[in-house]
Amino acid sequence: MRNINKNYSSLKSLAIMGGTFDPIHYGHLVTAEAVRYKYNIDKVLFMPAGNPPHKEYDKITHSEHRYLMGVLATATNPYFDVSRMEIDRKGVTYTIDTIKSLRQMYGEEIELYFITGADAIKEIFTWKNPEELFKLCTFVAVTRPEYYKEELIEKVKTIRNEYESKIHFLEVPALSISSTDIRNRVKNKMPIKYLVPESVENYIYKFNLYI
Ligand code: ATP
Ligand code: MG
């Protein structure tokens, strides 16, 4: 993989924030920053999905747009980066393959974290090889408005006990923002100001996304 000005060799910990990011919004950013700070993580890598197995392909914005909006949104945070790994991979992408590749690239020593919102963790057993995934990285399950915190805590406990996995629960600032809502707002000519970074807002309008 091409690396410009990115020296990852000295990293001790790396968190991956997976998602469609269609578009990236302040809910994603505040979550990633809360996790980074809490676990003293050296770098958070936003990983836009290429062809996500759980979403309908034709409804997703081109990966290059999603990647570039990620770059714009993370430009002001020195701890954040965006990866092309999944969008450049051909065919359906699975988290397990991404984590394995990152392990190969950065070695056995680096501590890998995977950040998932309350909705994503609920679906984790529909992912490919969840048990192996639990062995390869530490999960951080974060709260999300509209999803019950108690239910999330129970889920985390079950996974921890049944799979001997390293999984943390973390309450993050509640921002009731979703990409679906942003897409609907743009379509209906409603404001998205203060829901996404201004650079992302401008990008959406420049390229007529979501109309
Ligand atoms: P969509 O509505 O298209 O599904 P989304 O807002 O859920 O978009 P995703 O790209 O699907 O965004 O989510 C990526 C990750 O970020 C998931 O783990 C999801 O749970 C988490 N996430 C998204 N929005 C929030 C939020 N407001 N607070 C906490 N976590 C969030
Ligand atoms: Mg989602």
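Residues numbered from 1 in each chain as written. Chains lettered and ligands numbered in written order. Predicted model: local features only at pLDDT ≥ 70, side-chain atom pairs only at ≥ 80, totals over all residues. Heavy atoms only, no water.

## With respect to the environment of E198
Thought 1: Looking at the secondary structure, you find E198 in helix α9 (residues 198-206).
Thought 2: Between the C-alpha atom of E198 and that of L72, which follows or precedes it by 126 residues, the distance is 9.2 Å. (Helix = DSSP H or I, 4+ residues; strand = E, 2+ residues; numbered from the N terminus.)

## Some details on the site of ligand 1
Thought 1: The environment of ligand 1 is formed by 22 residues, the closest being G117, D119, R144, S179 and T180.
Thought 2: At 2.9 Å, a side-chain N or O of H28 approaches an oxygen atom of ligand 1.
Thought 3: Here a nitrogen atom of ligand 1 and a backbone polar atom of I177 are 3.1 Å apart.
Thought 4: When ligand 1 sits alone it has 600 Å² of accessible area, and the protein chains cover 91% of it.
Thought 5: The set of elements that each furnish at least two residues to the shell around ligand 1 consists of β1 (13-19), α1 (26-39), β4 (111-117), α5 (118-122) and α8 (179-187).
Thought 6: Looking at the shell around ligand 1 residue by residue, the classes come out as five nonpolar, 13 polar and four charged. (Near = heavy atom within 4 Å. Polar contact = N/O pair within 3.5 Å; in protein donor to acceptor, adjacent residues only side chain to side chain. Areas by Shrake-Rupley, 256 points an atom, 1.4 Å probe, with all protein chains shown as cover. Nonpolar A, V, L, I, M, F, W, Y, C, P; charged D, E, K, R; others polar.)

## A word on the pattern of salt bridges
Thought 1: Enumeration according to the criterion identifies 12 salt bridges in this entry.
Thought 2: The closest approach of N and O atoms between K193 and E201, which form a salt bridge, is 3.7 Å.
Thought 3: A residue is classified by how much of its surface remains accessible, and K193, at 42% relative accessible area, is partly exposed.
Thought 4: For E201, a relative accessible area of 8% translates into the label buried.
Thought 5: Salt bridges sharing common partners tie together E64, R84 and D88. (Salt bridge = Lys/Arg side-chain N within 4 Å of Asp/Glu carboxyl O. Buried < 20%, exposed > 50% of the residue type's maximum accessible area, 1.4 Å probe, protein only.)

## Description of the packing of aromatic side chains
Thought 1: Taken as a whole and judged by the stated rule, the model has 10 aromatic pairs.
Thought 2: Consider the rings of F114 and W127, whose centres lie 5.9 Å apart with planes at 80 degrees: the pair is edge-to-face. Of this pair, F114 sits in strand β4 while W127 sits in the loop between α5 and α6 (130-136); the two residues are 13 residues apart in sequence, bridging distant segments of the chain. Of the two residues, F114 and W127, neither departs from the other in class, the shared state being buried. (Phe/Tyr/Trp six-rings, centres within 6.5 Å; stacked < 30°, edge-to-face > 60°.)

## Concerning the pairing of strand β6 (residues 167-170)
Thought 1: Here strand β5 (residues 138-142) pairs with β6 via four bridges, running parallel. Bridged to A141 within β6 is F169.
Thought 2: The parallel pair β5 and β6 is bridged by helix α7 (residues 149-163), and the resulting crossover is right-handed. (Pairing = 2+ DSSP bridges. Right-handed = clockwise from strand over helix to strand, strands pointing away.)

## Some remarks on the sheet that holds β6
Thought 1: In space, the six strands of this open sheet follow the order β3-β2-β1-β4-β5-β6, with parallel pairing throughout. The open sheet has two edge strands with one neighbour each: β3 (80-82) and β6. For this sheet, the mean inter-axis angle between neighbouring strands, taken without regard to orientation, is 25 degrees.
Thought 2: Sheet topology note: the strand β2 (residues 43-48)/β3 ladder contains three bridges and is parallel. Paired with F46 across the bridge in β3 is V82.
Thought 3: Helix-sheet contacts for α1 involve β1, β2, β3, β4, β5 and β6, and the interaxial angle to β6 is about 120 degrees.
Thought 4: Running at roughly 165 degrees to β3, helix α2 (residues 63-74) makes contact with β2 and β3 of the sheet. (Axes fitted to C-alpha atoms, helices over the stretch in contact; angles between N-to-C directions. Contact = heavy atoms within 4.5 Å.)

## A few points about the environment of V71
Thought 1: Locating V71 in the fold gives a position in helix α2.
Thought 2: Taking relative accessible area as the criterion, V71 reaches 34% and is therefore assigned partly exposed.
Thought 3: In this structure, the C-alpha to C-alpha distance between V71 and V82, residues 11 residues apart in sequence, is 6.1 Å.

## Re the packing of α2 against α9
Thought 1: Put simply, α2 and α9 touch, their axes get as near as 8 Å, and they point 150 degrees apart. As summarised for this structure, α2 and α9 are arranged roughly antiparallel, according to the angle between their axes. Pair α2 / α9 crosses with right-handed handedness. Where α2 approaches α9, its residues H65, L68, M69, L72 and A73 are matched on the opposing element by S199, V200, Y203 and I204.
Thought 2: Classifying every residue of the contact of α2 with α9 by side-chain character gives seven nonpolar, two polar and no charged. (Parallel < 35°, antiparallel > 145°, perpendicular 65-115°, else oblique. Left-handed = near helix turned anticlockwise from the far one by under 90°.)

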